[in-house]
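# Remarks on the overall topology
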Number of protein chains: 2
Amino acid sequence: MDIAEWRKKIDELDRKMVELLNERAKAAQEIGRLKRSTAMPIYEPDREKKIFENVKAVNQGPLSSLDVTQVFERIIDIMRNLQKNEIVADEKQKLSGGTEFDVDVNE
Amino acid sequence: MDIAEWRKKIDELDRKMVELLNERAKAAQEIGRLKRSTAMPIYEPDREKKIFENVKAVNQGPLSSLDVTQVFERIIDIMRNLQKNEIVADEKQKLSGGTEFDVDVNE
């Protein structure tokens, strides 16, 4: 395979990764909703620790544990903000009676 | 689905993502080898721009373009280091006659 062909493969892998990231975001949103209804905190260090343990355990390389951890630090950060923003949107919606802030801030 | 079930789903998505990341790393290593043999530079801003365009184009949300871009900034950074480290390992191997540095630094 030449460079152009490898890059085509990378673009395809990236497409799949974006899909998985969005599936993960949807799951995080669902968890955010469940957390809100049970007044659970958004930031749960134990759960985040487990996520890192999971990704390191399934990693078979060539990426190192550190590489994989660094990617997931970014992913978790973004997912946490997604849950936070939803809570803010939800609070605003409640305050405004559901008219002015009817749109999800993540749309 | 309750929180535990959503988390199981997330762990499974993460497992798939780690797999794709490693497949991407292998492809980046192959490109690194091809770059070395043709003396091409590791850092290619035009190619990186195209990667960002690709991931933004295929993104269907709920993640924003910015979210996706931030994840891929981290991924590209790691892949670039992977290619750089391989070149360093390769140079060292040449200098030492292939004995002392026979091991890939990314292992």
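These figures come from a predicted structure and were not determined experimentally.

### Description of helix α3 (residues 65-96) of chain A
Helix length check: α3 of chain A, at 32 residues, gives a terminal C-alpha distance of 46 Å against a target of 46 Å (1.5 Å per residue), a fit within 8%. Every buried residue of α3 of chain A is listed here: Asp 67, Val 68, Val 71, Phe 72, Ile 75, Ile 78, Met 79, Leu 82 and Glu 86 of chain A. In this structure, the buried residues of α3 of chain A make contact with α1 (3-37) and α2 (45-58) of chain A together with α1 (3-38) and α3 (65-96) of chain B. Backbone geometry just downstream of α3 of chain A places Gly 97 of chain A in the positive-phi region, at approximately 75°.

### Considering the packing of α1 of chain B against α3 of chain B
Residues and elements named next belong to chain B. α3 packs onto α1 with a crossing angle of 45° between their chain directions and a minimal axis gap of 9 Å. Classified by the angle between their axes, α1 and α3 sit oblique to one another. The element α1 and its partner α3 pack so that their crossing is right-handed. Together, Arg 24, Ala 25, Ala 28, Gln 29, Gly 32 and Arg 36 of α1 and Met 79, Leu 82, Gln 83, Glu 86, Ile 87 and Asp 90 of α3 make up the contact between the two elements. A breakdown of the residues in the contact of α1 with α3 according to their chemical character gives five nonpolar, three polar and four charged.

### Section: the relation of the copies chain A and chain B
Superposing chain A onto chain B takes a rotation of 180° combined with a translation of 0.0 Å along the rotation axis, leaving an RMSD of 0.0 Å. Here the two chains are linked by the operation of a two-fold rotation axis. Every residue of chain A has its C-alpha some distance from the rotation axis, and the shortest such distance is that of Met 17 of chain A, at 3.2 Å. A shared interface surface links the copies, since 98% of the contact residues of chain A are contact residues in chain B too.

### As for the UniProt feature "domain: Chorismate mutase" (unreviewed entry) in chain A
Here the UniProt-annotated "domain: Chorismate mutase" (unreviewed entry) positions come out as residues 1-87 of chain A. A helix fraction of 83% and a strand fraction of 0% characterise residues 1-87 of chain A, whose end C-alpha atoms lie 48 Å from each other.

### Considering the interface of chain A and chain B
Taken together, the contact between chain A and chain B spans 43 residues of the former and 42 residues of the latter. Of all the elements in the fold, those that place two or more residues in the side of chain A that touches chain B are α1, α2 and α3 of chain A. Looking at which element gives the most residues to the side of chain A that touches chain B, the answer is α1 of chain A, with 23 residues. Taken together, the residues of the side of chain A that touches chain B sort by class into 22 nonpolar, nine polar and 12 charged.

### Digging into the packing of α1 of chain A against helix α2 (residues 45-58) of chain B
Where α1 of chain A meets α2 of chain B, the closest approach of the two axes is 9 Å, and the angle between their N-to-C directions is 40°. In terms of orientation, α1 of chain A lies oblique with respect to α2 of chain B. Crossing angle aside, the handedness with which α1 of chain A passes α2 of chain B is right-handed. Together, Asp 11, Asp 14, Arg 15 and Val 18 of chain A of α1 of chain A and Ile 51, Asn 54, Val 55 and Val 58 of chain B of α2 of chain B make up the contact between the two elements.

### Things to note about the confidence of the model for chain A
Per-residue confidence for chain A gives a mean pLDDT of 88, with 91% of residues at or over 70. Taken over the whole predicted complex, pTM reads 0.85, whereas the ipTM for its chain interfaces reads 0.85.

### Details of the nonpolar core
Leu 21, Val 68, Val 71 and Ile 75 of chain A together with Leu 21, Val 68 and Val 71 of chain B are the most contacted members of the largest nonpolar core, which totals 34 residues. Of all elements in the fold, only α1 and α3 of chain A together with α1 and α3 of chain B reach the threshold of two or more residues within this core. Residues in contact with Val 71 of chain A, not counting those within four places in the same chain, are Leu 21, Arg 74, Ile 75 and Ile 78 of chain B.

About the cut-offs
Residues numbered from 1 in each chain as written. Chains lettered and ligands numbered in written order. Predicted model: local features only at pLDDT ≥ 70, side-chain atom pairs only at ≥ 80, totals over all residues. Helix = DSSP H or I, 4+ residues; strand = E, 2+ residues; numbered from the N terminus. Expected span 1.5 Å × (residues − 1). Buried ≥ 20, exposed ≤ 12 C-beta atoms within 10 Å, placed from the backbone. Contact = placed C-beta atoms within 7 Å. Axes fitted to C-alpha atoms, helices over the stretch in contact; angles between N-to-C directions. Parallel < 35°, antiparallel > 145°, perpendicular 65-115°, else oblique. Left-handed = near helix turned anticlockwise from the far one by under 90°. Nonpolar A, V, L, I, M, F, W, Y, C, P; charged D, E, K, R; others polar. Least-squares fit on C-alpha atoms with pLDDT ≥ 70 in both. UniProt positions renumbered as here; feature names shortened; annotations may be inferred. pLDDT = per-residue confidence, 0-100. Core = buried A, V, L, I, M, F, W, Y, C linked by C-beta atoms within 7 Å.

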